[in-house]
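Listed below are the residues making up each chain.
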Amino acid sequence: MSGEWWRSAVIYQVYVWSFADSDGDGIGDLPGVRSRLPYLRDLGVDAVWLNPFYPSPQADNGYDVADYRDVDPRFGTLDDVAGLIADAHDLGLRIILDLVPNHTSDQHPWFRAALAAPPGSRERARYLFRDGRGPDGAQPPNNWISMFGGRAWTRVGSQWYLHLFAPEQPDLDWTNDEVRAEFEDILRFWFDLGADGFRIDVAHGLAKDPQMPDLGEKQIATGPAPEGHPHWDLDEVHDVYRSWRRLSDSYPGERVFVGEVWVQSLDRLARYLRRDELHTAFNFTFLLARWSAKSLRTAVDDSIGHLLTVGAPATWVLSNHDVIRHVTRYGGGELGLRRARAAALLMLALPGGAYVYQGEELGLPEVTELPDELRRDPTFRRSQGADPGRDGCRVPLPWSGAVPSYGFGPGAAAWLPQPPEWAQLTVARQTGDPASMLELYRSALRHRRELPALGDGALHWLSTEDEVLAFRREPGFTCVLNVGDVPVPLPPEVDGARLLLASDPAADPGTLPAASAAWFAAGR
Ligand code: GLC
């Protein structure tokens, strides 16, 4: 395991709820993940990020943590984590855990103690309790809104507490020394157990303006935080990450942080990646880019350019457990699949690291038809169904067989129903089929490991027609992407080069079909 591995790592996201179920209760678990580690090694990724598996009432599928140093019995035990880390390391895979520092569960002992204690107490000071407005305090302290809909305050007795997400997720007060000490201790606990790093949930949200001013009209919007916002992207968060970096640097073997940072600009993002802060962050600019050559190229250039100013590598991500799967975002059906195949070759050829969300290597689409009573995402309930929520990208993986749960678990049970079409998309079905999405990912990842040009480094654009992007990476690698709807001739720069991989394997020599990409190596 070489130095600065994270500068070019491909990290596979395992959504524990939905990856593999070992005991047949319909919910994925850690023994399930452990049994499938060889699949991930063979896929060719470098590391695995596990979504939260800690004890939790699961009001937000584990992003409401009741105990940061244990495992929810639904998912297994601490021994399972230790075994999983050991097996992963034996296979050459690293394990990244998910840390949720912005808020705890309302069932966390600290919050229960806070509710039992009076206003002004040490117990309440770990959270953000405030008196209400109006003569009897019946109005919330300000107009802040929850990311999941509705207001960000819930009243308990004479006070209100802040929750930027669900009411079951009270926000911590990061000016409190006890909070800071506790999280450093949690980091040490998992680093001591062998974890290779952490993904930091809502990394831009920890600090709040102590005056807690009302949001202005423009700030009452979700998505990347406009500057001057009273609870997103405040400068005070950086101090937290500097102290965490000192802590991670004190461990052997390059432990890393990746931030979930939704901010206004790549300029602001780069601030989280200064040399003494986080190692990397998800690049949502790329995820949000439209399917057009201009939009994709701008996202690539801006990302690389801004991150270079702080010496950080870019990372690339197309999907995760919070967004509509990209096959569907790119138009769905055959077109969505073609574009997703091309996007995979683009992503994996770009300089830096990449994230693969479980199931994207199978070409899974978003599942739009789900029974309302099975939807678990709090956004669905809190918006009275106006927002379908994020369950559609969280449907359990199809592994094998022709009937549900398609090998997800030992029987038919799966907490969200898998569509019948997924019988065609199982790992078993795609394995060995050179035209499958799975074999495309496997080949791309194999080349990526073998070719010195890929991973960290620089790119050099070739001049191309409007809807075509082409770039070189040294030594001797070229990626060409046709975003448009008609075939185009290959650029002259790849004359005489060897075709390594094409997202449309049926292409005529010399042309690049619509919505497709290809990789070339210099020489025959
Ligand atoms: C992050 C997670 C998301 C969760 C939210 C609140 O955005 O990715 O799934 O709901 O934080 O913790």
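Below you will find a few notes about this structure. Everything numeric here is computed off the predicted structure, so don't read it as measured data.

1. A short note on the pairing of strand β11 (residues 353-357)
Okay, step 1: For β11, the tally of buried residues reaches five of five residues, placing the bulk of the element in the interior.
Okay, step 2: Judged from the four bridges that link them, strand β1 (residues 10-14) and β11 form a sheet pairing that is parallel. Residue pairing across strands places V10 opposite A354, the latter belonging to β11.
Okay, step 3: One ladder, built from three bridges, connects strand β10 (residues 315-317) with β11; its direction is parallel. Paired with W316 across the two strands is A354, which belongs to β11.

2. Digging into the side chain of N283
Okay, step 1: Tracing the backbone through its elements, the reader meets N283 in the loop between β9 (280-281) and α8 (284-288).
Okay, step 2: Overall, N283 belongs to the buried group, its relative accessible area being 1%.
Okay, step 3: Within the local environment of N283, its side chain forms a polar contact with the backbone oxygen of T315, the two atoms lying 3.2 Å apart.
Okay, step 4: In this structure N283 touches L266, S303, T315, W316 and V317, once residues within four positions along its chain are discounted.

3. A few points about the sheet that holds strand β7 (residues 197-200)
Okay, step 1: Taken in spatial order, the eight strands line up as β9-β8-β7-β3-β2-β1-β11-β10 in an open sheet, and their pairing is parallel. What marks the edges here is a single partner per strand, and that holds for β9 and β10.
Okay, step 2: Pairing of β1 with strand β2 (residues 47-50) involves four bridges; the strand directions are parallel. Note on β2: the bridge partner recorded for Y12 is V48.
Okay, step 3: Sheet strands in contact with helix α6 (residues 237-249) are β3 (94-99), β7 and β8 (256-259), and its direction is about 150° off that of β8.

4. As for the packing of aromatic side chains
Okay, step 1: Scanning all chains against the criterion turns up 33 aromatic pairs.
Okay, step 2: Where W17 meets F75, the ring centres are 6.1 Å apart and the plane angle is 75°; that geometry is what we call edge-to-face. With W17 in the loop between β1 and α1 (30-35) and F75 in the loop between β2 and α3 (78-90), the pair connects residues that are 58 residues apart, well separated along the chain. The residues W17 and F75 share a single accessibility class, namely buried.
Okay, step 3: Seen from their ring centres, F129 and Y161 are 6.0 Å apart, and the 50° between their planes marks the pair as tilted. Of this pair, F129 sits in strand β4 (residues 129-131) while Y161 sits in strand β6 (residues 159-162), placing them 32 residues apart in sequence.

5. Looking at the side chain of N482
Okay, step 1: For N482, the position within the fold is in strand β14 (residues 477-482).
Okay, step 2: There is a polar contact of 2.9 Å between the side chain of N482 and the backbone nitrogen of G484.
Okay, step 3: N482 has contacts with E467, V468, P487, V488, L512, P513, A514, A515 and S516, leaving out every residue within four places of it along the chain.

6. Overview of the sheet that holds β14
Okay, step 1: Pairing is antiparallel in the open sheet, where five strands are placed in the order β12-β13-β14-β18-β16. The open sheet has two free edges, formed respectively by β12 (460-461) and β16 (498-502), since each of these has just one partner strand.
Okay, step 2: Strand direction decides the pairing type here: β12 and strand β13 (residues 468-473), joined by two bridges, are antiparallel. Bridge pairing in β13 links W461 to F471.
Okay, step 3: Running over the sheet, helix α11 (residues 333-349) touches β13, β14, β16 and β18 (516-521) and is turned about 35° from β18.
Okay, step 4: Sheet strands touched by helix α14 (residues 437-450): β16 and β18. Its angle to β16, the strand with the most contacts, is close to 135°.

7. Examining the nonpolar core
Okay, step 1: Ranked by size, the top nonpolar core spans 148 residues in total, and within it Y12, L40, L50, F53, Y241, W244 and W519 carry the most contacts.
Okay, step 2: The element that contributes the greatest number of residues to this core is α11, accounting for nine residues.
Okay, step 3: When near neighbours in sequence (up to four residues on either side) are disregarded, L50 contacts V14, V16, V33, L84, I95, I96, L97 and D98.
Okay, step 4: Core analysis: the second largest hydrophobic core is formed by 14 residues, A152, W160, F165 and M212 among them.

8. Here we look at the packing of helix α5 (residues 177-192) against α6
Okay, step 1: Put simply, α5 and α6 touch, their axes get as near as 11 Å, and they point 30° apart. Judged on the interaxial angle alone, α6 and α5 are roughly parallel. Relative to α6, α5 is oriented so that their crossing is right-handed. Contact with α5, carried on its side by R180, F183, E184, L187, R188 and F191, involves D239, V240, S243, W244, L247 and S248 of α6 and no other residues of that element.
Okay, step 2: When the residues that make up the contact of α5 with α6 are grouped by side-chain class, the tally is six nonpolar, two polar and four charged.

9. Some points on a negative patch on the surface
Okay, step 1: A cluster of acidic side chains, namely E465, D466, E467 and D485, defines a negative patch on the protein surface.
Okay, step 2: Tracing the chain through its elements places E465 in the loop between β12 and β13.

10. Some words on the pairing of β18
Okay, step 1: Most of β18 is tucked away: six of the six residues are buried.
Okay, step 2: Of the two faces of β18, the one lined by S516, A518 and F520 and the one lined by A517, W519 and A521 are each fully buried.
Okay, step 3: With four bridges joining them, β16 and β18 adopt antiparallel strand pairing. Within β18, the residue paired with A502 across the bridge is A518.

About the thresholds
- Going along each chain's sequence as written, the residues are numbered from 1 onward.
- Selection of residues for local features in this predicted model requires a pLDDT of at least 70, selection of side-chain atom pairs for listing and counting requires 80 or more, and totals for whole chains, interfaces and linings are taken over all residues.
- For side-chain calculations, the full set of non-hydrogen atoms in the structure is used, while hydrogens and water are omitted.
- Three labels apply to residues, based on accessible area from a 1.4 Å probe with only protein chains included: buried if under 20% of the type maximum, exposed if over 50%, partly exposed otherwise in between.
- Runs of E in the DSSP output that reach at least two residues are strands. Runs of H or I that reach at least four are helices, and both are numbered from the N terminus.
- DSSP bridges decide pairing: two strands pair if at least two such bridges lie between them.
- Under the rule applied, a polar contact is a pair of N or O atoms within 3.5 Å (in protein, one hydrogen donor and one hydrogen acceptor; residues adjacent in sequence only if both atoms are side-chain atoms).
- Contacts were defined at the residue level, with two residues in contact if any of their heavy atoms lie within 4.5 Å.
- Lines fitted to C-alpha atoms define the axes here, with helix axes fitted over just the stretch in contact, and angles between the N-to-C directions of these axes take values from 0 to 180 degrees.
- Aromatic rings from Phe, Tyr and Trp, with only the six-membered ring used for Trp, were paired whenever their centres fell within 6.5 Å, and each pair was classed as stacked if the ring planes differed by under 30 degrees, edge-to-face if by over 60, and tilted otherwise.
- Throughout, nonpolar core names a set of buried Ala, Val, Leu, Ile, Met, Phe, Trp, Tyr and Cys residues whose side chains join them through atoms within 4.5 Å.
- Put simply, angles under 35 degrees are roughly parallel, angles over 145 are roughly antiparallel, angles from 65 to 115 are roughly perpendicular, and the rest are oblique.
- Here a crossing is called left-handed whenever its near helix is offset anticlockwise from the far helix by less than a right angle, and right-handed whenever the offset is clockwise.
- Residues are grouped as follows: nonpolar covers Ala, Val, Leu, Ile, Met, Phe, Trp, Tyr, Cys and Pro; charged covers Asp, Glu, Lys and Arg; every other residue, Gly included, is treated as polar.
- Patches here: salt-bridge-free residues with over 30% relative accessible area, like charges joined within 9 Å, nonpolar side chains (Val, Leu, Ile, Met, Phe, Trp, Tyr) joined within 5 Å.
- Accessible surface is estimated by sampling points in the Shrake-Rupley manner with a 1.4 Å probe; for residues, cover comes only from the protein chains shown.
- By definition here, a salt bridge exists when the distance from a side-chain nitrogen of Lys or Arg to a carboxyl oxygen of Asp or Glu is within 4 Å.
- Counted charges follow a simple rule, with Lys and Arg positive, Asp and Glu negative, and His plus the chain ends left uncounted.
- Here the site of a charge means NZ on Lys, CZ on Arg, CG on Asp, or CD on Glu.

These results come straight from atomic positions and should not be treated as a statement about function.
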